[in-house]
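# Survey of secondary and tertiary structure
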Amino acid sequence: RKKILLFCDPGIDDSLAIMYAMLDPALDLVGIVTGYGNITREQATANAAYLVQLAGRGDIPIIPGASSPVQQEDVIFYPEIHGKEGIGPIRPPADMEYHIYPFDTIRTIIERYKNELIIVSTGRSTTLANVFILFPDQMEFVQSFYVMGGAFFVPGNVTALAEANFFGDPTSSNYVLTFAQNLTITPLNVTRHAVITPGLVDEIAQSKKNVYSFMIAPIFKYYYRFYKEKTPGIKGAPIHDLLTVMLVKNPDLVDYINYDANVAEGIETKGLSYIDVRPSRPKGQTRIAIDLHYEKFIMRFKEVMVPEY
Ligand code: BDR
Ligand code: CA
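Note that the coordinates shown come from a computational prediction; the quantities given were computed from them, not determined experimentally.

A separate point is the sheet that holds strand E4 (residues 117–121). Ordered in space as E3-E2-E1-E4-E5-E6-E12-E9, the eight strands form an open sheet in which the pairing is mixed. Two strands bound the open sheet, and with one partner strand each, they are strand E3 (62–64) and strand E9 (254–258). On average, each strand axis in the sheet is inclined to that of its neighbour by 25°, with strand direction left out of account. Of the strand pairs in this sheet, strand E1 (residues 2–8) and E4 are connected by five bridges, and their pairing is parallel. Opposite Ile 4, over in E4, you have Ile 118 as the bridge partner.

Structure below.
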């Protein structure tokens, strides 16, 4: 099974990514690092703890990470997309008990799964950049990285130029893109097409084998309402972060270009992701997902989220 350490900010699509990782028998979620982003770090931590507990996996270490970006600007949250508490109308029970692990647990996890650990990042890059700074020797032994972020040749989602994860902390994003070896980026190019539709959500909601089925419809309703308002003609809501987790086992769901990526840090261009296409320059090794094979994506998604499928 593929060992995943997930850096995230749940958040609706992060929450769906956690559910997916819990349900896919081919994946082994060995820890969740929570940071600010869609909501505060504290809320992200509680949400992650709730989701693993629902699947009877309260033993998975939850490790709080960064609470703000390195630029120390005001953090912008996105309640209109994800809800004030991050999972639409769903809230962890007020009396929920959970244990949080110290930051150094990240180092321990990397050492324990030396050469087989896969790091997936579906939130702002701040915490992961700090892990590179704090534990550079250990990071050499991470097998591969998957990062949801950026928008190449397509508009952003928080500004005309920028996607939310890279916009949230462009300095840290650049740091991660520079030091992460064997890196796959899942930008808006593909994730905006990875939509789940009301019909599909009905199927999940009826699943007797998916422990999260009871919350799928209310979460989707909240999330879809935002996208329907903003994107004329959209048939469903994009699950950016879940697609990123899916690629770990299903690299063939997308087509890639191989270029190293950069993130602009200037004021007007903040968070813009770009590649250097000048013929005289080396292209680099990063796999940037460019096109999604939608039918295949839906088929594989259902195999995990509607296990009786
Ligand atoms: C990304 O930003 C967040 O709001 C989502 O959870 C996703 O990770 C999409 O731009
Ligand atoms: Ca996210």
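Still to come is the rest of the account.
Let us look at the nonpolar core. With 93 residues, the main nonpolar core has Ile 4, Leu 6, Ile 18, Tyr 20, Ala 21, Leu 29 and Ile 32 as its most contacted residues. For this core, the element with the highest residue contribution is helix H1 (residues 12–23), accounting for eight residues. Leaving out residues up to four positions away in the same chain, Leu 29 has contacts with Ile 4, Leu 6, Ala 21, Met 22 and Ile 60.

Attention now moves to the environment of Val 120. With respect to the helices and strands, Val 120 occurs in strand E4. Of the residues examined, Val 120 has 27 C-beta atoms within 10 Å and is grouped as buried. In this structure the C-alpha to C-alpha distance between Val 120 and Glu 295, which are 175 residues apart in sequence, comes to 24 Å. Setting aside its immediate chain neighbours within four residues, Val 120 contacts Ile 4, Leu 6, Tyr 146, Thr 244, Val 245 and Val 248.

So, on to the site of ligand 1. Not every one of the 13 residues close to ligand 1 is listed here, only the nearest: Gly 11, Asp 13, Glu 163, Ala 164 and His 240. For the shell around ligand 1, the secondary-structure elements that each account for two or more residues are H1, helix H7 (164–168) and helix H12 (240–249).

A few words now on the UniProt feature "domain: Inosine/uridine-preferring nucleoside hydrolase" (unreviewed entry) in the protein. Mapped onto this numbering, the UniProt entry annotates "domain: Inosine/uridine-preferring nucleoside hydrolase" (unreviewed entry) at residues 4–297. Structurally, residues 4–297 is divided into 37% helix and 17% strand, and its ends, taken at the C-alpha atoms, are 20 Å apart.

Take helix H4 (residues 105–112) next. Residues of H4 that are buried: Ile 106, Ile 109 and Ile 110. Take H4 and look down its axis: the buried residues cluster within an arc of 100°, on one side only. The inward-facing, buried residues of H4 contact E1, strand E2 (27–34), E3, E4, helix H5 (126–134) and helix H6 (136–139).

This part is about the environment of Glu 295. Note on placement: Glu 295 falls in helix H13 (residues 294–305). What makes Glu 295 exposed here is the crowd of 8 C-beta atoms within 10 Å. In this structure, the C-alpha to C-alpha distance between Glu 295 and Ala 194, residues 101 residues apart in sequence, is 10.0 Å.

A separate point is the environment of Val 201. In this fold, Val 201 is placed in helix H10 (residues 198–205). Counting along the chain gives 105 residues from Val 201 to Val 306, while the straight-line C-alpha distance between them is 9.7 Å. Those residues in contact with Val 201 that lie beyond four places of it in its chain are Ile 196, Ile 216, Ala 217 and Phe 220.

Another point: the packing of H10 against helix H11 (residues 213–230). Running from N to C, H10 and H11 cross one another at 155°; their axes reach a closest spacing of 8 Å. One element, H10, and the other, H11, form an angle in the roughly antiparallel class. For the pair H10 and H11, the sense of crossing is left-handed. Along the contact surface, H10 presents Val 201, Ile 204 and Ala 205, while H11 presents Ser 213, Ile 216, Ala 217 and Phe 220. Split by residue class, the contact of H10 with H11 holds six nonpolar, one polar and no charged.

Another point: unusual backbone geometry. Note the cis peptide between Pro 10 and Gly 11, where omega equals 5°. Within the element layout of this structure, Gly 11 appears in the loop between E1 and H1. Here Gln 72, not a glycine, exhibits a phi torsion of approximately 55°, which is positive. For Gln 72, the position within the fold is in the loop between E3 and helix H3 (79–82).

The terminal C-alpha atoms of H11, which comprises 18 residues, lie 26 Å apart, in line with the 26 Å expected from a rise of 1.5 Å per residue. Every buried residue of H11 is listed here: Ile 216, Ile 219, Phe 220, Tyr 223 and Tyr 224. Against the buried residues of H11 lie H1, H3, H10 and strand E8 (237–238).

About the thresholds
The numbers attached to residues start from 1 for each chain and follow its sequence in the written order. Chain letters start at A and ligand numbers start at 1, both assigned in the order the entries are written. In keeping with the predicted nature of the model, local features appear solely for residues at pLDDT of at least 70, side-chain atom pairs appear and are counted solely at 80 or more, and the whole-chain, interface and lining totals rest on all residues. Two strands pair if DSSP finds at least two bridges between them. Secondary structure follows DSSP: runs of H or I at least 4 residues long count as helices, runs of E at least 2 residues long count as strands, and numbering of each begins at the N terminus. Only C-alpha atoms enter the line fits that serve as axes; for helices the fit covers just the stretch in contact. Angles between N-to-C directions range over 0 to 180 degrees. What we call a nonpolar core is a set of buried Ala, Val, Leu, Ile, Met, Phe, Trp, Tyr and Cys residues whose membership is set by joining through C-beta atoms within 7 Å. Residue burial is a threshold on neighbouring C-beta atoms within 10 Å of the residue's own C-beta, all placed from the backbone, with 20 or more meaning buried, 12 or fewer meaning exposed, and counts in between meaning partly exposed. Two residues qualify as a contact pair if the distance between their C-beta atoms, derived from the backbone, is within 7 Å. The C-beta atom of each residue is placed using the backbone, and any residue whose C-beta lies within 6 Å of a molecule or strand is treated as near it. UniProt positions are given in the numbering used here, feature names are shortened, and annotations may be inferred rather than shown by experiment. Working definition: the arc comes from the directions between the helix axis and the C-beta atoms, pointing outward to the latter. Each angle receives one of four descriptions, namely roughly parallel if under 35 degrees, roughly antiparallel if over 145, roughly perpendicular if within 65 to 115, and oblique otherwise. Put simply, a crossing is left-handed when the front helix is turned counterclockwise from the back one by less than a right angle, and right-handed when it is turned clockwise. Residue classes follow a fixed rule: Ala, Val, Leu, Ile, Met, Phe, Trp, Tyr, Cys and Pro count as nonpolar, while Asp, Glu, Lys and Arg count as charged, and any other residue, Gly among them, counts as polar. Every helix has an expected span of 1.5 Å times one less than the residues it contains.

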